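Take a look at the letters that make up each chain.
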Amino acid sequence: MEALWNYIVGPDFMPHGHCYYWRSDLLALHAGSDAVIAIAYFSIPLALAKLWYDRADLGYRWIIKMFAAFIVACGTTHLVGIWNIWNADYYFQGIVKLITAGISLVTAILIWPLLPKVLAIPSPAMLTERNEALNEEMLKRTYAEQQLRLLYESLEQTVEERTQELQQAKRALELQIQTSEQVKQRLQSIFESAPNGMIVVSRDGTILQANSMAHSIFHYDVGELSGKRVEQLVPADSRKPHQANREHYISSPTKRMMGDRRDLSGLCADGKTVPVEIGLNPVTGSSEGEVVASVVDVSERRNYERKIEQRSEALERSNRELKEFAFIASHDLREPLRKIISFSKLLLSKDYGNFTGEGETFASYVVDAAERMRELLDSLLSYSRVTSHGGQFVVTDLNDVVREVLSDLQMTIEESQARFEVASLDQLTMDPSQIRQLLQNIVSNALKYRQPEQPPIIRIHGEPVQGDRYRLTIEDNGIGFENQYNEQIFEVFKRLHGRDSYPGTGMGLAICRKIVDRHQGVIRAESSPGKGTRFIIELPVNPHIEAAHDF
């Protein structure tokens, strides 16, 4: 080993500096140049080492090792060259060069197959272009993503709005279903609680539905009528005509009120018949031709009608008899009364003898009683003739009637010094003679029941009310009466004062009410003691009254 070392670094050779004649400038040139080259060579592997550690992702890392070894060997060669300027270790220098040559040869051999791959690596310009293209693509993608995000947000908003609309539609539908169910339940409740029997019949005459009242009318258990033919509720002798009438009705169904066809009978489950009234109403919107029949059991009403007819006939006979009696009484009794009055006055005239004082008193009692009886008969006759001898209704000016009444009562008016305030009145359809009697009775009462030592003031005025009626008011400043008697004063022979104070029969206001009743009007009185009386009469402008009948 020592011999090998001596062989490599043996002193048998001259240092390289002899070749430069040990000239200092030449030595400095070669030694400095080799030193700078060596430093440069040794710095390159440091940069490669940094690249090695910082870029672990680089491919072909082995070539970096080869270049680093090659460069270190080259730098070592220059260092050995500097060494040999002063030393003669040329074998050592040769071995270093041999190692450098080997590394260089291997690197050179390996770099050629790597060259196409390296050349395939894009250049900076290409990378820049591709980077720009990639940036442009990224911008497009970013724009597309933004548009997609906007579309997504718009879609989310649309979906949300649509969801809200669907929720609202769902709530509305649920509310509609709930309302429909409530209406259905309400209609079912109304259908079941209806006071009439309700039956729903199809076009072919099948009973689809019936309420409990219908089952009760025809004596069926609840639910038993559904599915039966409607002809089963019709008596056997009326089924064929009923079926023909039903088919004719179905061809052109219209609403038919109750009682349009009277004397109808229904057949009960027990075979008995029941009088009924039936109203028909086609179901609106039904394409099946369904009809709702409203059935009323009129058994009790028929009984009541028969009783009312019997009572009406009896009342009519009674009224007729009373009127005949009043007529007969007023006619047949007047002659005896006239004779009683006439002969009593003859006896009082002393042409046929003298009475004692007591006899004359008794005879005058007879005359007074007979005259009062005659007045009562006259009043009764007038009362009965209000309806039996009434005149025709014609359009009449109330102003003319009032003037005639005041003309008839002119003497009484002058004696009482009465003052009248009469407003302009309208024309009415009426019986002029009876209205004249009505006003004359009221005005006569106003003149009769006046305040002592005070001239009566009587006001007459009128006004239309409710469009087709007329209100006539007559008020005075007379003695008046307690308002609690405002109905009793219209009763027959009713008097609030004795005959000694105020003469009369008590029939005047009763006749007034009967006249107003015949004119389909109303009359009432309002009064208070010492403050006068107000009579209010409301009459229709155009009454519809049948003509009176004479007896």
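Residues numbered from 1 in each chain as written. Predicted model: local features only at pLDDT ≥ 70, side-chain atom pairs only at ≥ 80, totals over all residues. Heavy atoms only, no water.

J.: Quick question: what am I supposed to make of the side chain of S416 here?
T.: Tracing the sequence through the fold places S416 in helix α12 (residues 410–416). Classification of S416 by relative accessible area gives buried; the value is 7%. Separated by 3.3 Å, the side chain of S416 and the backbone oxygen of I413 make a polar contact. For S416, the residues in contact, after removing those within four places along its chain, are L447, R450, P455 and P456. (Helix = DSSP H or I, 4+ residues; strand = E, 2+ residues; numbered from the N terminus. Buried < 20%, exposed > 50% of the residue type's maximum accessible area, 1.4 Å probe, protein only. Polar contact = N/O pair within 3.5 Å; in protein donor to acceptor, adjacent residues only side chain to side chain. Contact = heavy atoms within 4.5 Å.)

J.: What's the story with the pattern of salt bridges in this structure? I'm lost.
T.: One side chain can pair with another of opposite charge once the charged atoms of both are near each other. A complete count under the given rule lists 18 salt bridges for this structure. With its nearest N and O atoms 3.0 Å apart, the salt bridge here joins D431 to R518. With D431 in the loop between β8 (427–430) and α13 (432–448) and R518 in helix α14 (residues 508–518), this residue pair connects regions lying 87 residues apart in the sequence. A salt bridge links R471 to E463; the nearest nitrogen and oxygen atoms lie 3.4 Å apart. (Salt bridge = Lys/Arg side-chain N within 4 Å of Asp/Glu carboxyl O.)

J.: I would appreciate a short explanation of the sheet that holds strand β12 (residues 533–540) in the present structure.
T.: Within a sheet, neighbouring strands are paired by backbone hydrogen bonds and run either parallel or antiparallel to one another. The strand order β7-β9-β10-β12-β11 describes an open sheet built from five strands, whose pairing is mixed. The open sheet is flanked by β7 (419–422) and β11 (522–527), the only strands paired with a single partner. For this sheet, the mean angle separating the axes of adjacent strands, direction not counted, is 15°. Bridge analysis of strand β9 (residues 457–465) against strand β10 (residues 469–476) gives eight bridges, and the strand direction is antiparallel. The residue bridging H461 from the neighbouring strand is T473, located in β10. (Pairing = 2+ DSSP bridges. Axes fitted to C-alpha atoms, helices over the stretch in contact; angles between N-to-C directions.)

J.: How should a negative patch on the surface be read in this particular structure?
T.: Together, E153, E156, E160 and E161 make up a region of like negative charge exposed at the surface. Residue position: E161 is located in helix α5 (residues 124–193). (Patch = residues over 30% accessible without salt bridge, like charges linked within 9 Å, V, L, I, M, F, W, Y side chains within 5 Å. Areas by Shrake-Rupley, 256 points an atom, 1.4 Å probe, with all protein chains shown as cover. Lys, Arg positive; Asp, Glu negative; His and termini not counted. Charge placed at Lys NZ, Arg CZ, Asp CG, Glu CD.)

J.: Could you clarify how one ought to interpret the sheet that holds strand β4 (residues 273–282) in this entry?
T.: Across the sheet, five strands lie side by side as β2-β1-β5-β4-β3; this open sheet has antiparallel pairing. Where the open sheet ends on each side, the last strands, each with one partner, are β2 (207–210) and β3 (264–267). Each strand of the sheet is rotated relative to its neighbour by a mean of 40°, with strand direction disregarded. Two elements, strand β1 (residues 197–201) and strand β5 (residues 291–297), share five bridges in a ladder whose sense is antiparallel. Note on β5: the bridge partner recorded for I199 is A293.

J.: I keep staring at the environment of G508 and nothing clicks. Help me out?
T.: Mapped onto the elements of the fold, G508 is located in helix α14. Along the sequence, G508 and N445 sit 63 residues apart, while their C-alpha atoms lie 8.5 Å from each other.

J.: Help me understand α14 in this model?
T.: Because each turn of an α-helix spans 3.6 residues, side chains separated by three or four positions in sequence point in the same direction. Along α14, the residues that are buried comprise L509, A510, I511, C512, I515, V516 and R518. Residue Q520 follows α14 closely and has a positive phi angle near 60°.

J.: Help me understand the confidence of the model for the protein chain in this model?
T.: Predicted coordinates in regions of low pLDDT should not be interpreted in detail. Looking at the protein chain as a whole, its pLDDT mean stands at 77, while 77% of the residues score no less than 70. Of the regions scoring below 50 in pLDDT, residues 547–551 engages in twelve contacts with residues more than four places distant in sequence or in other chains. (pLDDT = per-residue confidence, 0-100.)

J.: Teacher, can you tell me more about a nonpolar patch on the surface here?
T.: A cluster of nonpolar residues, W62, L105, V106, I109 and L110, forms a patch on the protein surface that exposes about 440 Å² of accessible area. Examining the composition of the nonpolar patch, we find that four residues originate from one element, helix α4 (residues 90–120), more than from any other. Following the sequence through the fold, I109 ends up in helix α4. Classification of I109 as exposed rests on a relative accessible area of 51%.

J.: Please clarify how the packing of helix α2 (residues 24–54) against helix α3 (residues 61–86) should be interpreted in this entry.
T.: Closest axis-to-axis distance for the α2/α3 pair is 8 Å, and the angle between their directions is 160°. In terms of orientation, α2 and α3 fall into the roughly antiparallel class. Viewed along their axes, α2 and α3 form a crossing whose handedness is left-handed. (Parallel < 35°, antiparallel > 145°, perpendicular 65-115°, else oblique. Left-handed = near helix turned anticlockwise from the far one by under 90°.)

J.: Hey, could you run me through the nonpolar core in this one?
T.: If you look at the biggest cluster of nonpolar residues, it comprises 38 residues, and the most contacted ones within it are I435 and L438. Every element with two or more residues in this core is listed here: α11 (398–408), β8, α13, β9, β10, α14, β11 and β12. The dominant element in this core, judged by the number of residues it contributes, is α13, at seven residues. Not counting the four nearest positions on each side in its chain, L438 is found in contact with C512, I515, V516, I523 and I537. If you look at the next biggest cluster of nonpolar residues, it comprises 16 residues, including V201, L225, V230 and V295. (Core = buried A, V, L, I, M, F, W, Y, C linked by side-chain atoms within 4.5 Å.)

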